[in-house]
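Residues per chain, in single letters:
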Amino acid sequence: MQASRLPRKPSPLRRLMRAAGMLFLAALLGGILAGGYLFYSWTRDLPTLEAFENLRLTATSTLFARDGTPIATIASVEDGRAVNRTLVRLSDVSPAAVSAVVFSEDKRFYQHYGVDPVRLVGALYYIVRGDLQGGSTITTQVVKQTLLRELAGQRALERKLKEFPLALELERRYSKQEILEMYLNVVPWGGNAQGIQAAAEAYFGKDPAALTLAEGVYLAQLIPGPNPRYFDLKGSRARMKRQLEDMVAEGWISRAEADAAWKQPIVPSGWQAKYDPQGNLLSAKLVDPSARVLPELLKNYAPHFVLAVRAELEKRFGKEKLYGEGGLQVYTSLDLKMQQAAERAVTGARLPINAQLALAALDPETGQVLAMVGERPGTEGQFNRATQAWRSPGSAIKPFVYGTALENGWTQATTVPDAPVEFRDPSQPGGVWRPKNFSGRFLNRPVTIRYALDQSLNLPAIRTADAVGVWRVGEKLKAAGFRLAGSPSLANAIGGGAEITPAGLAGAYAAFVNGGYRVEPMLITRVEDASGRVIYEPQDNRTRLFTPQVAYLVWDMLKGYVYDLGERSLAPVAIPGRVVGGKTGTTNDATDLWFAGASRGLVATLWIGRDDHKPQRLPNGREPSSSLVNPPIWRAFMEEALRGRPGGDFPQPSGLVTGRIDLVSGNPSSSGIPVLFVQRPGPAREDTATSSPPALPSASQTVALDRLTGCLAGPDTPPERMIYRQVAPERVDSYRCP
């Protein structure tokens, strides 16, 4: 019987190999479990595609003139910095540029399903080597730049693992064309250019539809590292050469197309470069690295109008909506032809030393601002004097004083003494205010309020405010948009203690020609979001100041200011073939110079002054006057702005009749000037230039009395206690009480 054989003991080497194998399996299993855990932990909180549906890319907002011409763009803000992005359709990009980008970034884009297996293998190779790169497709880059934007700047395994499932889902829901369009709108191209629209503008100053194959290849090779590659034009040319050759080899373009693209001289913004006829780069010099950086606010026209629109957008929508989301289409009231007329009128104007200016013109019916100049040509800065400079209006305020008087039963023939007067005023030397006319002279007799306005007399205006009631005048001024310092005062009647902006004064003067409504200057007519949905349209912005009849009586007086005195007019602004009316304004020491006026279809104001509020002087050392400095500029603007538009006067409302009066005394006169009166109840009569004014004592004066005392009302008499009477001038003193 043969003895049984005992089993061999494993050799030490086999035992070691077995242990190593088990350790490897354990390590592999542990790695798989750890990898699975990491994959689970990193992908369990993936954003859903619903979040992508609701995603709002920041985009540049565009401003348009009233005829649809783009006038400015406002950059959006991402991650605390301004970026310029205008969303475009794929059809808005040149096919040659699209092909160049797709070939460079993901040439198998149309074959894979969001993840490219070939590039994925390459990515795994680099990961094994410790370099987290590669594997990106156009689809995963869309995910990276949108849903995973907070991880976009990191080459992290976490980001890679999140990209892949999201890319697959993106491919499932969207077509290749839609994904490619998304990509072209989100890819960063260096500087502050986001998307191909901004890139085309930044590097070549053109729309993406006009990009050539050569320009498309240049932009494509920038994508992996746009900032360093922009600074290396020689290296960029070498990469362009390789891509063109590869595109020919793979049948994307023909040899002739590649040769033509190579021979096109590529000179990106900020570079100076020379090429030989074969397309070889002979010399290259970067002269302005900032040239490719698009401005945060690009103003093609009317810079201060654009600044005013931006300020209104910030106020109305907030900075987050305007800059964080953007993409707004803002339609404005700007008339480009009128804007050009305004800019030409102020260019080269003869102004006082160191003077600034502002011009605002608007449609008196709607308040839409048609032209705006906010500074003297050549001035640096963003301060818009047309909307931000609150200045004293001087005598330009007087039409509102007389309008208040007309509203309370006065007529253009009502007389007020042009004579010295004193008022108690603790703020004045000796506690007495002794106002005077601008010239220092006075007639020392009653004059009509029309004549007082024609001559811009201060004393009658102050007396009118005193008679009508300071509080009544003050409330009217505040309703018209004036800002008063403290309580209403008699000084308000000549512009003291009152302020308004040029645009605000234009809106106030509109009341005299639109039926009595002060209009709020309107810059924006409509705002649409990026999807074309209207999100804002302005509402009625009018405030009733006067009845149509009273407003037109003031307009009649403003026309008189231009025409009554003929060549002696203080406002030489008459325009042949047009009816013009307006009023100058000059403050103490010529600190502020104004002209505000209108002609059919347009009301405009022109302000001239120094930002430091110091007295103005002409180059010859003399003090300027608004009757000399402002009219030539205002008239030049109005004449050009209204050229080709209907002439004639503003329509006259019913209830007014014409009569002729002596301009100074107000007495009826067949040889006097024609003025308008409110038609009194009674038998109808023809409205003729020879009709007499309504019954009015030939030498009368309207005075305000305190109904409790029967004495002349004073500055402190409450408006509700005031009554008005027309009395002979020689009887006025009998109403003065000690």
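Structure report, in brief. None of these values were measured; they are calculated from a predicted model. (Residues numbered from 1 in each chain as written. Predicted model: local features only at pLDDT ≥ 70, side-chain atom pairs only at ≥ 80, totals over all residues. Heavy atoms only, no water.)

## Considerations on the packing of helix α17 (residues 398–407) against helix α20 (residues 470–479)
Part 1 of the reasoning: Across the interface, α17 lies against α20 with an axial gap of 10 Å and an inter-helix angle of 120°. The pairing of α17 with α20 is recorded here as oblique in orientation. Helix-helix and strand crossings are classified by hand; for α17 and α20 the assignment is right-handed. Where α17 approaches α20, its residues F400, V401, T404 and E407 are matched on the opposing element by R472, V473, K476 and L477.
Part 2 of the reasoning: Here the contact of α17 with α20 is built from residues that sort into four nonpolar, one polar and three charged. (Axes fitted to C-alpha atoms, helices over the stretch in contact; angles between N-to-C directions. Helix = DSSP H or I, 4+ residues; strand = E, 2+ residues; numbered from the N terminus. Parallel < 35°, antiparallel > 145°, perpendicular 65-115°, else oblique. Left-handed = near helix turned anticlockwise from the far one by under 90°. Contact = heavy atoms within 4.5 Å. Nonpolar A, V, L, I, M, F, W, Y, C, P; charged D, E, K, R; others polar.)

## Observations concerning unusual backbone geometry
Part 1 of the reasoning: Its identity as a non-glycine residue notwithstanding, N444 has a phi of 60°, on the positive side.
Part 2 of the reasoning: Assignment of secondary structure puts N444 in the loop between β13 (432–433) and β14 (445–448).
Part 3 of the reasoning: Its identity is not glycine, yet A590 carries a phi of approximately 55°, on the positive side.

## Overview of α17
Part 1 of the reasoning: Most of α17 is tucked away: nine of the ten residues are buried.
Part 2 of the reasoning: Of all the positions in α17, only K398, P399, F400, V401, Y402, G403, T404, A405 and L406 are classed as buried.
Part 3 of the reasoning: Looking at the packing, one finds that the buried side of α17 touches α18 (449–454), α19 (458–468), α20, α21 (502–509), α22 (548–563) and β21 (580–586).
Part 4 of the reasoning: Of the residues one or two after α17, G409 is the one with positive phi, at around 100°. (Buried < 20%, exposed > 50% of the residue type's maximum accessible area, 1.4 Å probe, protein only.)

## As for the pattern of salt bridges
Part 1 of the reasoning: Under the definition given, this model contains 26 salt bridges.
Part 2 of the reasoning: Close ionic contact of R391 with D592 constitutes a salt bridge, the shortest N to O distance being 2.7 Å. Here R391, found in the loop between α16 (385–388) and α17, pairs with D592, found in strand β22 (residues 592–599); they are 201 residues apart in sequence, far enough to count as distant.
Part 3 of the reasoning: Residue D592 is classed as buried on the basis of its relative accessible area, which comes to 3%.
Part 4 of the reasoning: E407 is the salt-bridge partner of K476, the closest N and O atoms lying 3.0 Å from each other. Linking K476 in helix α20 with E407 in helix α17, this pair joins segments that are 69 residues apart in sequence.
Part 5 of the reasoning: A relative accessible area of 34% places E407 in the partly exposed class.
Part 6 of the reasoning: Linked through salt bridges whose partners overlap, the residues forming this network are K241, E245, R255 and D259. (Salt bridge = Lys/Arg side-chain N within 4 Å of Asp/Glu carboxyl O.)

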